[in-house]
Amino acid sequence: MNLHTRKVWMAAVIGLCLCLLAGPASAFELKMDGTFTWNYQTFAQTGKSGFFGAYDVAAIDGVTGFPAGTFAPYNFWAGWHRRAGIQSGSDAGWQTLWMDTNVDLQINPALRVRGRYHVGEWGPGSAVAGQPVATGDLGQGDLVASEYLTYRYTGIRRSFSPGYWNWLFMTAQVPWGIVNFGRRPSAFGTGLGWNADVRNSETLSVSALYGPFNITVGVYPSRRGATARPSTTAAGLPAFNNTSGYYNVDRDKDNTRYDVGSLFTYRAGSIEMGALVNWVNFHTGGEGVLDDPVARANKTPGARAYIYLDNHTEWYGSGYAKFNNGRFFFNGEVVWFHQTEKTRGGLPANGIIGRGRQNGVAVDVRDLYIEHWRYALEAGVLAGPSKMSLLYAWLSGGDRRGMGGLIGQIDRTGILRSNSFANTPFFRPYSYLINEVYGTGVFQNGDTTDGYIEDAIIYAGRWDYALAANLNTFASFMWADRASKSGFGWGCIRPDTTAPAAGALPGTVNFGAITNANILNVWNNLSTPNIPDMNIGYEIDAGMDWKLIEGLVMKLTVAYWQPGAWFKWACRDKNIPLWGTNAPLVWPAGGTPATAFINPNRTIDPVWGAEVKFEGSF
């Protein structure tokens, strides 16, 4: 064997050894992207005639025992946001920041894990600057959609946010479809009812793709698992009735809660359409409540008699269609929610027939049927650098007739609720103040604390014009009226007169937001007549989206809103004595607006607001 041949063999042996020693290539692939947001918002009223009467004056409230003039600084109501509330002046503003990081882990060609990590702020929005947050589970209601308020925690060595996961889920590609499980965003249609910005799903689902069709079926094997709950002790009964350690969270015989849904979509060319339907069925009752042996011996009602039974069924869904051929576009959607509660049991409360007590608290024990609808139609045209959009929407509201039982209202109070059906992003291109800041005056997303639109008829338009490839300008208009003529009574909104926490200065009061307890829609304000004027007002917005450099966009919105006459009938006038008290349980003959502590002849000055955002994407 000559020298050349030996070299060739030696190279082949070395190459073979390297191949044998080399480890297998990893199939893992990690992708990350996200957004860093800096946000500044400011609001002001253009005059001294506020939502609750003239600035800097107040009659005696009739609740706290404080003298007249105490609530004189309750002036400008700056909206629903956790930073807002009632201001002693005529303006308000705050600066916040947060960051969302999306993680996509490709384990192999068939398996993926995706999630979102959010960096916001420690503690609730009411935390005091520089003071530690109370001990407890900070992730339970405190870190929901949190934004770091600038300079709340001073000092570079002080942590301002723990960070937490908004969603985390896995998808598996199998021969017959895609299996999804975990916590993930839930989006469907136009966003009128299902918006991924606020809504999530945790179903075990399977999606099958057949050409342009997507068919998905999802189910919750256990919608609600083990959790602690407040004591089930009824008023005046011993504490051993507490069943908080039980796995059946609804005090039921079992933990069965059926929740099954299905959807299909069709996407081909310029057309997209789909439909979704979901069924929920469960039972709540007193079977898990330990009864009172003393009451049993005396043959008197015990704890279990105070727990009403409820057979609960829900049907909800949506149907939508979209068309866009590059010149004309059309979007339409209808959303519905039907809920039936067959209720029995419970003891009469407060002498009102048809009501009972749950945990010692008066509740409605009549059968309940709720029917809620939403419709929206959007159409427009694209012409060169311009885009013109028109929007009509109708969203049903409450009905106060029949002892306050609500018809067409998703929530019994109908005011503050969680993320389920919030639609703030859907209306945001057309409205900043009526929609996001004030929620038409009475509707707030319990997670983001932003307002949203419900019980309203909306007429809106928007014009976009691209001045350059990186600069889009816009102007928008919205007119809003109430959809329900029997949803709210005179004087249904009042400021918070809650006494301050221990340790506060003597004689001071809270500057709180208009909370759910201060919207007197159902029981406390039941007797008052319905508000006769449905106008919520009109709003004019203008702004721009300016791409400063690659990955950095500045967004500016300036808005002007003239509140409509509905607010004159809904908002108490704190210049009327006893404005903080409840209206009469029985409306007196000859009752006037002053009987409900309102003055519909007064004026409410316009509100303007501005938002500046810097969004850095990576």
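Just so it is clear, the model here is predicted, and its values are computed rather than measured.

Rules and cut-offs
- Residues numbered from 1 in each chain as written.
- Predicted model: local features only at pLDDT ≥ 70, side-chain atom pairs only at ≥ 80, totals over all residues.
- Heavy atoms only, no water.
- Helix = DSSP H or I, 4+ residues; strand = E, 2+ residues; numbered from the N terminus.
- Buried < 20%, exposed > 50% of the residue type's maximum accessible area, 1.4 Å probe, protein only.
- Contact = heavy atoms within 4.5 Å.
- Areas by Shrake-Rupley, 256 points an atom, 1.4 Å probe, with all protein chains shown as cover.
- Polar contact = N/O pair within 3.5 Å; in protein donor to acceptor, adjacent residues only side chain to side chain.
- Pairing = 2+ DSSP bridges.
- Core = buried A, V, L, I, M, F, W, Y, C linked by side-chain atoms within 4.5 Å.
- Phe/Tyr/Trp six-rings, centres within 6.5 Å; stacked < 30°, edge-to-face > 60°.
- Salt bridge = Lys/Arg side-chain N within 4 Å of Asp/Glu carboxyl O.
- pLDDT = per-residue confidence, 0-100.

1. Re the overall build of the protein chain
For the protein chain, the count of helices and strands is five helices and 28 strands. In the protein chain, which comprises 618 residues, the proportion classed as buried is 47%. Summarising the internal contacts of the protein chain: among those between residues at least 6 apart in sequence, 70% fall at separations of at least 24. Carbon and sulfur atoms make up 62% of the accessible area of the protein chain, which totals about 29200 Å².

2. What to know about unusual backbone geometry
Its identity as a non-glycine residue notwithstanding, Asp 56 has a phi of 65°, on the positive side. The backbone phi angle of Thr 440 is positive, close to 55°, even though this residue is not glycine. Relative to the elements of secondary structure, Thr 440 occurs in the loop between α4 (433–437) and β23 (444–445). By relative accessible area, which is 0% here, Thr 440 ends up buried.

3. Some points on the environment of Pro 606
As for its placement among the helices and strands, Pro 606 is situated in the loop between α5 (566–570) and β28 (607–617). The class of Pro 606 is buried, set by a relative accessible area of 10%. When the C-alpha atoms of Pro 606 and Gly 50 are compared, they prove to be 8.9 Å apart, with 556 residues separating the residues in sequence. Every residue in contact with Pro 606, bar those within four places of it in the chain, is listed here: Ala 44, Gln 45, Thr 46, Tyr 560, Trp 561, Gln 562 and Pro 563.

4. Brief notes about the side chain of Ser 318
Tracing the backbone through its elements, the reader meets Ser 318 in strand β16 (residues 309–324). Accessibility expressed as a relative area gives 1% for Ser 318, which makes it buried. Within the local environment of Ser 318, its side chain forms a polar contact with the backbone oxygen of Val 334, the two atoms lying 3.4 Å apart. Contacts of Ser 318, omitting those with residues within four sequence positions, involve Phe 188, Trp 194, Gly 274, Ala 275, Leu 276, Glu 333, Val 334, Val 335 and Trp 336.

5. Some remarks on the pairing of strand β27 (residues 552–563)
When strand β26 (residues 535–549) meets β27, the two strands line up antiparallel, connected through 12 bridges. From the neighbouring strand, Glu 539 faces β27, where its bridge partner is Trp 561. From the end of β26 to the start of β27, which pair antiparallel, there are two residues, and Gly 551 there has a positive phi angle of about 90°. Bridge count between β27 and β28: 10 bridges; the pairing is antiparallel. The residue bridging Val 558 from the neighbouring strand is Ala 610, located in β28.

6. Considerations on the side chain of Thr 557
Locating Thr 557 in the fold gives a position in strand β27. By relative accessible area, which is 7% here, Thr 557 ends up buried. Side-chain polar atoms of Thr 557 contact the side chain of Arg 428, separated by 3.4 Å. Among all residues touching Thr 557, those that are not within four sequence positions of it are Arg 428, Tyr 432, Phe 474, Asp 541, Ala 542, Gly 543, Gly 609, Ala 610 and Glu 611.

7. Quick look at the nonpolar core
One finds Phe 51, Phe 427, Ile 458 and Ile 531 to be the most contacted residues of the largest nonpolar core, which totals 70 residues. Considering each element in turn, this core owes the most residues, four residues, to α5. Each residue touching Ile 458, except ones within four places of it in the same chain, is listed here: Leu 391, Tyr 392, Ala 393, Phe 427, Ile 453, Met 478, Trp 479 and Ala 480.

8. Some points on the packing of aromatic side chains
Applying the stated rule across the entire model yields 35 aromatic pairs. Taking the centre distance of 4.8 Å and the plane angle of 85° together, the rings of Phe 426 and Phe 427 count as edge-to-face. With respect to burial, Phe 426 and Phe 427 carry one shared label: buried. On the basis of an interplanar angle of 75° and a centroid distance of 5.5 Å, the ring pair of Trp 561 and Phe 567 is categorised as edge-to-face. A single burial state applies to Trp 561 and to Phe 567, both of which are buried.

9. So, the pattern of salt bridges
Scanning the entire structure with this criterion turns up 10 salt bridges. Glu 29 serves as the salt-bridge partner of Lys 31, at 3.8 Å between the closest nitrogen and oxygen. Classification of Lys 31 by relative accessible area gives partly exposed; the value is 48%. Here Lys 555 makes a salt bridge to Glu 615, at a shortest N to O gap of 3.2 Å.

10. Some details on the confidence of the model for the protein chain
Considering every residue of the protein chain, the mean pLDDT works out to 78; 70% of them sit at 70 or more. Below pLDDT 50 for its whole length, residues 125–142 participates in 20 contacts with residues either more than four positions away or in separate chains. Within the model, pLDDT remains below 50 along residues 347–362, and this stretch shows 45 contacts once partners closer than five positions in the same chain are excluded.

11. A closer look at the pairing of strand β25 (residues 471–481)
Sheet topology places strand β24 (residues 456–468) next to β25; 11 bridges connect them, and they run antiparallel. Looking across to β25, one finds that Arg 462 is bridged to Ser 476. Two successive antiparallel strands, β24 and β25, enclose a turn made up of two residues. The pairing of β25 with β26 spans 11 bridges and is classified as antiparallel. From the neighbouring strand, Asp 481 faces β26, where its bridge partner is Asn 535.

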